[in-house]
Amino acid sequence: MKTIKALRSAALTAHRQLVQAGLGLAVLLTTTAARAVNDLPGGPAVNQLDLHPPATRIAAEQLWLHNFMMILCTLIFLGVFGVMFYSILKHRKSKGAKPANFHESTTVEIAWTIVPFIIVIFMALPATKVVVAMKDTTNADLTIKATGMQWKWGYDYIKGEGEGIAFVSTIDATHRAMSDAGQPAGDDYLLKVDNPLVVPVQQKVRIITTANDVIHSFAVNSLGIKQDAIPGFVRDTWFRAEQTGDYYGQCQELCGKEHAYMPIHVKVVSQDDYAVWVEARNKEMSALADDPAKVWVLPELTARGEKVYAANCVACHQASGKGAGPIKPLDGSAIVLDADKSKQIAILLHGAGGGAMPPWPQLSDTEIAAVVTYTKNSWSNQTGQIVQPADVAAARK
């Protein structure tokens, strides 16, 4: 009797625990629903099942090709498996079916050779048309080089209106902070950047891709582009946005621990707005240009170097300079402490560790001098050493 009561008590306890767990799950689902985001125009949609809405002719062709292939493959599936299951059910032994006794059929052989060949042709013709169009980067109105680096994108406008503009695009600091805190928010979570790629509408934009460390991939689904960025190689793709707006993508090649923090934001604006942006950007670059002959003092360089470090180095080497995992620390580093400043300058210009430390030749002489000076005089590295832009300029030769 006591055993039965004990079992009954245990069952009631288990039941209460299950009810509590169910209530907890309901609260979790309710909380999740309360945090639900909305569709992001030019980016991902909630419960998205299809491709992104196309914003270019190529993207529209890709969407049509995708649907055509899906329908064709579904018809083939239904036809093949329909005949197979019909044959199994119609000619099963339990219904008294007798197996045919024949060796071969020339007609069947010809049929199952010709029919798949015709199907493949129907699939290859539209696919070839789209692929050829995707690769035609001639007669571009604007050419931009996109350089993948761990973990951000560098953009250089090398031909067309805006030629000479160059900047680095990094994930917005507030989104990185939200990720570190485990508190996602906003429809564009982990897709917001500090410097979007700005291009004019209805203009053919050629994107030249490369990388300075590992393989990355420049991809914006709504624009119908995806091109790997490979160190030591130059590849290209193109798009012509048919409407203004913001379009989002991400690096689509697993490139390291910060792969999720490498978004792409393409901002398509009208021709007039693009001209205004180009003018403003050129003025901004002129204002930031440094006098190459200027001799800097230590406080100025360390303050400038702290900003360069925060924008380009902190993701790997950490704010404390301690590094992480295979990333070597800068705090207490023998190379950083070495009086021969050319060693550290060479690493920034040419990289090190077989690509583990990427080269940063895109930084100006002043920026490299500033960040080297900053690391030599931060944390426990109070060396008092200073590196001038002239030292970097000499190392480039």
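This text goes with the structure placed above it.
Residues numbered from 1 in each chain as written. Predicted model: local features only at pLDDT ≥ 70, side-chain atom pairs only at ≥ 80, totals over all residues. Heavy atoms only, no water.

A. Layout of the overall build of the protein. From N to C terminus, the protein includes 11 helices and 10 strands. The C-alpha atoms of the protein give 30 Å as radius of gyration, which overshoots the globular expectation for 397 residues (21 Å, by more than 25%). Along the first, second and third principal axes, the C-alpha set of the protein runs to 100 × 85 × 45 Å. The buried share of the protein, taken over its 397 residues, is 34%. Contacts in the protein between residues at least 24 apart in sequence constitute 65% of all its contacts with a sequence separation of at least 6. Carbon together with sulfur atoms contributes 63% to the accessible area of the protein, which is approximately 23,200 Å² in total. When the 37 basic and 36 acidic side-chain charges of the protein are each reduced to a single mean position, those positions are 13 Å apart. (Helix = DSSP H or I, 4+ residues; strand = E, 2+ residues; numbered from the N terminus. Rg over C-alpha atoms; globule rule 2.2 N^0.38 Å. Buried < 20%, exposed > 50% of the residue type's maximum accessible area, 1.4 Å probe, protein only. Contact = heavy atoms within 4.5 Å. Areas by Shrake-Rupley, 256 points an atom, 1.4 Å probe, with all protein chains shown as cover. Lys, Arg positive; Asp, Glu negative; His and termini not counted. Charge placed at Lys NZ, Arg CZ, Asp CG, Glu CD.)

B. Spatial organisation of the pairing of strand β4 (residues 197-200). By the alternation rule, side chains of β4 split into Leu197 and Val199 and Val198 and Pro200, which are all buried. Where β4 meets strand β10 (residues 263-269), 4 bridges bridge the pair, whose relative direction is parallel. Bridging across to β10, Val199 finds its partner in Val268. (Pairing = 2+ DSSP bridges.)

C. Examining the layout of surface pockets more closely. The volume enclosed by the largest pocket comes to roughly 1,100 Å³. Taken together, 36 residues line the largest pocket, and the ones lying closest to its centre are Ala166, Phe167, Gln362, Leu363 and Glu367. Secondary structure elements with two or more residues in the lining of the largest pocket: β1 (142-149), β2 (152-159), β3 (166-169), α5 (271-288), α6 (298-312), α10 (365-376) and α11 (389-396). At 5 residues, the largest contribution of residues to the lining of the largest pocket is made by α6. For the lining of the largest pocket, the per-class residue count stands at 17 nonpolar, 9 polar and 10 charged. (1 Å grid on protein atoms, 1.4 Å probe; cavity = no way out; pocket = protein on both sides within 12 Å on 5 of 7 lines; lining within 4 Å. Points joined across faces, edges and corners; volume = space filled by probe spheres on them. Nonpolar A, V, L, I, M, F, W, Y, C, P; charged D, E, K, R; others polar.)

D. Expanded view of the nonpolar core. By size, the foremost hydrophobic cluster in this structure holds 37 residues, and its most contacted members are Tyr157 and Phe218. Of all the secondary structure elements, the ones that give two or more residues to this core are β1, β2, β4, β5 (205-211), β6 (216-220), β7 (225-229), β10 and α5. Of the residues forming this core, the biggest block, 4 residues, is contributed by β10. Tyr157 has contacts with Leu142, Thr143, Ile144, Gly162, Glu163, Gly164, Ile165, Phe167, Leu197, Val198, Tyr274 and Trp277, leaving out every residue within four places of it along the chain. The next biggest cluster of nonpolar side chains, apart from the first, holds 18 residues, and it includes Leu330, Ile345, Leu363 and Tyr374. (Core = buried A, V, L, I, M, F, W, Y, C linked by side-chain atoms within 4.5 Å.)

E. Seen up close, the packing of helix α9 (residues 341-350) against α10. One way to put it is that α9 packs onto α10 with a least axis distance of 11 Å and a crossing angle of 125°. Here α9 lies oblique to α10, going by the angle between them. Helix-helix and strand crossings are classified by hand; for α9 and α10 the assignment is right-handed. On α10, the residues touching Lys341, Gln344, Leu348 and Leu349 of α9 are Ile368, Val371, Val372, Thr375 and Lys376. Considered class by class, the residues forming the contact of α9 with α10 number 5 nonpolar, 2 polar and 2 charged. (Axes fitted to C-alpha atoms, helices over the stretch in contact; angles between N-to-C directions. Parallel < 35°, antiparallel > 145°, perpendicular 65-115°, else oblique. Left-handed = near helix turned anticlockwise from the far one by under 90°.)

F. Representation of the packing of aromatic side chains. Under the counting rule described, the total for this entry stands at 13 aromatic pairs. Ring geometry for Tyr155 versus Phe167: centroids 5.7 Å apart, planes at 65°, classification edge-to-face. Separated by 12 residues along the polypeptide, Tyr155 in strand β2 and Phe167 in strand β3 bring together distant segments of the chain. Given the relative accessible area of 7%, Phe167 is considered buried. Three or more aromatic residues joined by ring pairs form one cluster here, namely Trp153, Tyr155, Tyr157, Phe167, Phe218, Tyr274 and Trp277. Over the face of the ring belonging to Tyr261 we find Arg176, whose NZ or CZ atom lies 4.2 Å from the ring centre. The ring of Trp238 carries Lys204 above its face, with NZ or CZ at 4.5 Å from the centroid. (Phe/Tyr/Trp six-rings, centres within 6.5 Å; stacked < 30°, edge-to-face > 60°. Lys NZ or Arg CZ within 6 Å of the ring centre and 35° of its normal.)

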